[in-house]
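Remarks on the overall topology
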Amino acid sequence: MDVSRGLSQKLDLMARRHAELSDLLGQAQTGSNAALFARLSKEYAELNPVVEALQVLQELERRMEDTLELLNTPDSDIQEMAQEEREQLKGEIAQQQRAIQLLLLPKDPNDGKNIVLEIRAGTGGEEAGLFAAELFRMYGRYAELRGWRMETLSSTVTTLGGIREVIALISGSGVYSALKYESGAHRVQRVPVTEAGGRIHTSACTVAILPEADEVDVQINERDDLRIDVFRASGPGGQSVNTTDSAVRVTHLPSGLVVICQDEKSQHKNKAQAIKVLKARLYDLQQRAAHDERSKDRRDQVGSGDRSERIRTYNFPQGRVTDHRVHLTLHKLDQVLQGDLTEIVETLAAHHQAELLAKLSDGEGF
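Chains are numbered independently. Their residues run from 1 in the order of the written sequence. This being a predicted model, a pLDDT of at least 70 is required before a residue's local features are given, and a value of 80 or more before pairs of side-chain atoms are given or counted; all residues contribute to the totals for chains, interfaces and linings. In computing side-chain values, all of the structure's heavy atoms are included and hydrogens and water are not.

**Structural notes on the packing of aromatic side chains**
The cut-off we apply is this: To pair, rings of Phe, Tyr and Trp, with the six-membered ring standing in for Trp, must have centres within 6.5 Å; the planes then decide the type, stacked if under 30 degrees apart, edge-to-face if over 60, and tilted in the middle. Counting from the N terminus, the helices are the DSSP runs of H or I reaching at least four residues and the strands are the DSSP runs of E reaching at least two. The buried label goes to any residue with under 20% of its type's maximum accessible area, the exposed label to any with over 50%, and the partly exposed label to all in between, with areas taken from a 1.4 Å probe on protein chains only.
Applying the stated criterion across every chain yields a total of two aromatic pairs. Each ring, one from Phe-131 and one from Tyr-314, has its centre 5.4 Å from the other, and the planes form 65°; the classification is edge-to-face. Separated by 183 residues along the polypeptide, Phe-131 in helix H5 (residues 126-146) and Tyr-314 in strand S9 (residues 310-315) bring together distant segments of the chain. The class of Tyr-314 is buried, set by a relative accessible area of 0%. Summarising the aromatic geometry, the rings of Tyr-142 and Trp-148 are spaced 5.5 Å apart at their centres and angled 85° between planes, so their arrangement reads as edge-to-face.

**Regarding unusual backbone geometry**
For His-327, which is not a glycine, the phi torsion comes out positive at approximately 55°. Tracing the backbone through its elements, the reader meets His-327 in the loop between strand S10 (320-323) and strand S11 (328-330). The exposure class of His-327 is exposed, given its relative accessible area of 71%.

**Structural notes on the sheet that holds strand S8 (residues 257-261)**
How we decide: Whether two strands pair comes down to DSSP finding at least two bridges between them. Axis geometry follows a simple rule: fit a line to the C-alpha atoms, using only the stretch in contact for helices, then measure angles between N-to-C directions, giving values from 0 to 180 degrees.
Strands sit in the order S6-S7-S8 across an open sheet of three strands; the sheet is antiparallel. Edge positions in the sheet fall to strand S6 (226-231) and S8, since each of these pairs with one other strand and no more. Strand-to-strand twist across the sheet, computed as the mean angle between neighbouring axes with direction ignored, equals 15°.

**Comments concerning the packing of helix H3 (residues 34-70) against helix H4 (residues 76-104)**
Heads up, the condition is: When an angle is under 35 degrees it counts as roughly parallel; over 145 it counts as roughly antiparallel; between 65 and 115 it counts as roughly perpendicular; any other value is oblique. Helix crossings get a hand from a simple test, with the near helix turned counterclockwise from the far one by less than a right angle marking a left-handed crossing and a clockwise turn marking a right-handed one. Classes in brief: Ala, Val, Leu, Ile, Met, Phe, Trp, Tyr, Cys and Pro nonpolar; Asp, Glu, Lys and Arg charged; the others, Gly included, polar.
Running from N to C, H3 and H4 point in directions that differ by 160°, and their axes come no closer than 9 Å. In terms of axis orientation, H3 runs roughly antiparallel to H4. Classified by chirality, the crossing of H4 by H3 is left-handed. For the contact of H3 with H4, a count of residues per class yields 17 nonpolar, four polar and six charged.

**Quick notes on H3**
Here is the rule we go by: Working rule for helices: expected span equals 1.5 Å times residues minus one. As used in this structure description, the phrase polar contact means that two N or O atoms lie within 3.5 Å; if the pair is within protein, one of them must be able to donate a hydrogen and the other to accept it, and residues adjacent in sequence are counted only when both atoms belong to side chains.
If you check H3, its first and last C-alpha atoms are 53 Å apart, about what 37 residues at 1.5 Å a residue would give, namely 54 Å. Regarding H3, the residues found buried are Leu-40, Leu-47, Val-50, Val-51, Ala-53, Leu-54, Leu-57, Leu-60, Glu-61, Met-64 and Thr-67. One side-chain oxygen at the N-terminal end of H3 lies 3.3 Å from the backbone nitrogen of Ala-35; it belongs to Asn-33.

Right under this line is the structure:
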């Protein structure tokens, strides 16, 4: 098998553990212990795809050995058939080896989670706010194309109808997996509507993609850890917005994090949404602390997720979008802003996968 020695040893250990688990699951004493049976069954199910793929590879390699022996036969017709078989098997073996490597890549535990999307206008004043609103619509349209649900949790608008800050929950299958590389600074280059001289300006917004935290991810003692303040909401939304104390400010005392939600008319709904966002931010902080301990691994990934990292430029005069991390330039700005993010999302995911495969091939394992 054309893999590193360390990887080959790991595959051998996985195969032996798989066989051991098969024996254990067949024992009566395991079946009588529900918790043990569930734990071993989960481990067996996780190993099964790798072991099955390994068995296919081993069968292909056995066929290759038989084929190579046939190349030594004096019969020219058999030699020709064996030569064709060898070329076909070489391709199948290489394909199967890659399939095994992909199965061995570390799984991101957050890939199946929903996300909290946060967009904030940065440098550029009103123009940055207008661009933030366009980014928000872009992600909303992409979510719609993917069959996801997007719910606005909180938003603050600007004078010209832009967005100073917006927080939304996007839920559906594979949301975090698709959008996790969107965190960072998004830059726009164009002539602002407020520019009388026709000069091109550069503005920026920051995007944060936070995996929605489960109860097991973050635990909060609401009585001791939170301060809840209610106040009268402001901004568009009808008369009730300004006549009821429905807006909620949640302060997490241990960390100092503050979340404000005021889009709902119900104080209880705003509180629940604010706590949901707070948990996502706390979970994000936990993950960043863990990533900092593995700083080398973090630099190897597609972007660090740092909010200050410039990841993409939207150039209106040239009608192009450039992702600086993977040097991808698309001359279809309008389509991208209409939610056509598929090529960008797939390129970023493929680049990250290639980096992980390179590490695996170098014998770094996972």
